[in-house]
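Inside the fold
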Amino acid sequence: MSMKISARFHRGNPHIVDEKMQNGHATSVYIGEGPGVVSSSCTTSEKTTSEKQSTIPDTGVSGMWLSGREGGGLPWEEVARLLLADPNVGLPSREVVTRRQLVGYNEFSETEDDPLWKKYLGQFKEPLILLLLASSFVSLCMGQFDDAVVITLAIVIVATVAFIQELRTDKALEELKKQVPATCTCLRDGNVREYQARELVPGDIVHLNIGDRVPADLRLFEASDLSIDESSFTGETEPAPKMSSIVGTGPYSTSGSMHNLAYMGTFVRTGRGKGIVISIGEKSQFGELFRMMQDEEAPRTPLQNNMDELAKKLSIFSFGFIGIVFVLGLYQGIPIHKIFNIAVSLAVAAIPEGLPIVVTMTLCLGIRRMAQRSALVKGLHTVETLGCVTTVCSDKTGTLTKNEMTVTSIATSEGDECHMTGVGYSTDGEVVFESGYSELAYEAVTKLLETGAVCNNAQIIGGQLLGQPTEGAILAAAIKHRIYNARDKYQRLEEIPFKSETKTMSVKVKNKRTGEVEWLVKGAIEAVLRACTHYHQNVALLPLSQEKQHQILSASLERGRQGLRVLGIARGPSLSELSYMGMLGIMDPPREGARSSVTTLQSTGVKVKMVTGDAQETACAISQAVGLHVHPGTVFSGDQMDNMDDRVLLGLVQDATVFYRVSPRHKLRIIKALQECGEIVGMTGDGVNDVVALKRANIGISMGKMGSAVSKEAADMILNDDDFTTILSAIEEGKCIFHNITNFVQFQVSTSLVALSLIALSTLFGLPSPLNPMQILLINVIMDGPPALTLGMEPIDDDVKVQPPRDTTKDLITKKLIRNCVISASVIICGTLWVFRSEMSDGVVTARDTTMTFACFVMYDMFNAMSCRSDTKSVLEIGITSNWYLFVALTATMGCLLCVVYLPFLQWVFQTEGIHISDWMYLICLTSTVLIVSEFRKFLDRRHECSSAIFSTKGFWSSKKSLKTTWVDDV
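What you are looking at is a predicted structure, and each value in this text was computed from that prediction instead of being measured.

1. Some remarks on a nonpolar patch on the surface
Among the surface-exposed residues, L876, I880, W884, F887 and V888 lie close enough to one another that they form a single nonpolar patch of about 520 Å² accessible area. If one sorts the elements of the nonpolar patch by residue count, helix α34 (residues 884-902) sits on top with three residues. Structurally, F887 can be placed in helix α34.

Encoded structure:
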């Protein structure tokens, strides 16, 4: 009989792994006496439950692994004992196999992807597509093959385009897996050699060196100058120094504070270390991120919801229309089967089969235009969603900033205060002296930056940094100050690298020209001052008094409050006789243009929030620098969020401005809380820690240059230039796209309303049809074709740019749109019937009658297309040829109409005849009335809006005056 064994290590009895009840008996796995020896046999435990509880205390350690919090809070010796690991020998190979049978491989499980045919069929599940399919089927059953073919062709085009877009599937999970190295250096059976990372088990001993990716979550027990780049998890620009001492695990500890842990997927920058594997695969912190990615689904876009609602309304309209026609037909005494055919035919015709094509084409055009503005959009409906964004949650590092440390503040020992322009590792920038330029100040700054550049191991080649970010910032500052190749002046004799214990780096150099030997030191300001005995003042050396040290530390503290990392610099003949040179303030400053973009977004009603893993001081400093309003009650940490339930978070998330020290789990909670409040959320990010939030947000935005491959795959849009200002352009484009779709819908609905009304009225009241079937078919082709499609190509309207985000709770077809459609349709119906009745004076329908009616209807729709270009602006204000595509389409439509009227073959097909130039002039004057009426309606709407605005302003000042009067009375 097979038995399931779940291994659990306990502090009280390391020899017992776990016990499962089998047929009333407790079955245990016993550990051998030697460390790390697991027997593969199972025996029945002789101990009772009470005995077990007395020998195995509850420690919170669950499973054959430890969480990061548990591992970091215990001495490494205790961790080794719990996991039965020997740091000197490693696990025996036989035990590795046994443990792997219990815990599995160090890898992630993925759900199987759907086959291509299933994905393609999935495109036909959209409500509007289903409605069109039903319409096509009804047309086919009623013998209307032309309608069935046109509708089916439209469906296939839309489904194919959407399917091609979906082939570019979300590969974020695949990219996440690439963050885990294929191999690692591991100690087993007393030998150190390379193993497959997927074969690691808890208790393995892993060796880390410079350039390695960490293969699993490790509890470090040895760290020599070890620093690990955890920016993908924490957002911190600087690599995290590591050591083996215990970390406090209080309620406010965060993953970023675990200096004795190395997390899977992170990168070793400097030093070397050794660690015990405590978690693998999906039990690691990286695995938690992987699981969250699998669990989250991207929400449907507002446009998709609008299209779903439109399909429902069209369905209701179709059935309602059939019912009305039935009632009228019965009242007229028309046979039931004939009424049914008429009603169903008209209901099918009412469904705008061109709408999905126009929407798809408009979205594709938007993707193309956004690509020209350095924004790569991966999904069709993503484009329009940008215009609905009400809140942008922005990561700090690499998004609002360049993720390039920069010296921004300089203070010399002489008291000179300077700031430095330029961002990052480029050579663009200069030193600006706040108290005015002087030779003495210039020399002091030169000496200070030269010292920092020589006590430095970084290199900047072609704008790319090779080395530590802090050292790169100092080297870039020296180059901006025209200090080139400073190291060539000195011969390096000795180096004491930076250590977390000393917090300084020192180099001993010899001046090649003078032969003078000096020690150059940089590091934490407190550590540097402790080694200094003098300071420079007016080219003289003065003793460093306690009062002077206090002044320097106060200035350093003030810079720290501004989010700067402060480094002190000194030099002298020995490490015990150093002279203080000054301090440098270093930070990852905001991008150029970030502040103006944030201000513009806020002015259009879009809220901007910073969500970062960085420290509070840095987060607040950058927030204020980019124009975010930071005050008490708007800044929250991830640890504070842990103590909030969802109800409390919902109450404060909309007013919050800055979230700092947040993990991927916190970012996900923030996004969900905002969405529950009705916000449409755009999330920007560039690291692994952002991918879950990027996927969950309505719009996930990643950086193209600095962003990780994982974040790019999880995002809906990629900023190729890594510029936050591009988001503003993308939002403007999204607003314009919905504006154009609305214009098309207005045109399509008014055209369909006219066609239905003409046919329904003539049929139900026994009148001859004003148009023959071929003419109706041609109208469907040329008017549902180019003119309608080119309405989706209207250029961006400046007034639309500054509009607030659109209300996604409102339907695509609003009351105002219906009003506009009814007005235009009424003019067209009356005019067309007038032409038809005046031409058919003898009661007999002739070729001239249908020609005049056909030409009248087509020209009405041409003028109607021009009026539908804007809901508020006059055609003259927009410009006749500003939409070149529409101008060409209308010209082609007019050419097609002339061919139908005058070419003999087409006259025979469409039963038309040539008409006189006076007829054309008459038709132009008549059909332009729809444009004139539309222009008058827009004029009245503008007058009404102006009156409302003036009334609102008066009300505001009246209320303000009243408030002032009340305050004076109270006083």
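2. A few points about the environment of E126
With respect to the element layout, E126 can be found in the loop between α5 (116-122) and α6 (127-141). Taking relative accessible area as the criterion, E126 reaches 27% and is therefore assigned partly exposed. Expressed as a C-alpha distance, the spacing of E126 and A159, which sit 33 residues apart in the sequence, is 9.7 Å. Residues within four places of E126 in sequence aside, it is in contact with R300, Q304 and D308.

3. Some words on unusual backbone geometry
A positive phi is found at K503, a non-glycine position, where the angle reads about 60°. With respect to the element layout, K503 can be found in the loop between β18 (490-496) and β19 (504-511). K503 sits in the partly exposed class, given a relative accessible area of 45%. In this model, R661 sits at a positive phi of 50°, which is unusual for a non-glycine residue. Note that R661 resides in the loop between β27 (658-660) and α24 (664-676). Residue classification places R661 among the partly exposed positions, given a relative accessible area of 29%.

4. Notes on the pattern of salt bridges
Counting across every chain of the model gives 30 salt bridges. One salt bridge connects E733 with R373, and the closest N-O pair in it is separated by 3.6 Å. Here the residue E733 occupies a position in helix α27 (residues 725-764), and R373 occupies one in the loop between α13 (354-371) and β11 (375-377), the gap between them amounting to 360 residues. The network of salt bridges with common partners includes K816, R819, D871, R937 and D941.

5. Some points on the packing of α6 against helix α11 (residues 302-332)
Across the interface, α6 lies against α11 with an axial gap of 7 Å and an inter-helix angle of 35°. Residues P127, L128 and L131 of α6 pack against M307, D308, A311, L314 and S315 of α11. Looking at the contact of α6 with α11 residue by residue, the classes come out as six nonpolar, one polar and one charged.

How each quantity is defined
Residues numbered from 1 in each chain as written. Predicted model: local features only at pLDDT ≥ 70, side-chain atom pairs only at ≥ 80, totals over all residues. Heavy atoms only, no water. Patch = residues over 30% accessible without salt bridge, like charges linked within 9 Å, V, L, I, M, F, W, Y side chains within 5 Å. Areas by Shrake-Rupley, 256 points an atom, 1.4 Å probe, with all protein chains shown as cover. Salt bridge = Lys/Arg side-chain N within 4 Å of Asp/Glu carboxyl O. Helix = DSSP H or I, 4+ residues; strand = E, 2+ residues; numbered from the N terminus. Buried < 20%, exposed > 50% of the residue type's maximum accessible area, 1.4 Å probe, protein only. Contact = heavy atoms within 4.5 Å. Axes fitted to C-alpha atoms, helices over the stretch in contact; angles between N-to-C directions. Nonpolar A, V, L, I, M, F, W, Y, C, P; charged D, E, K, R; others polar.

On their own, these measurements won't tell you what the molecule is for.
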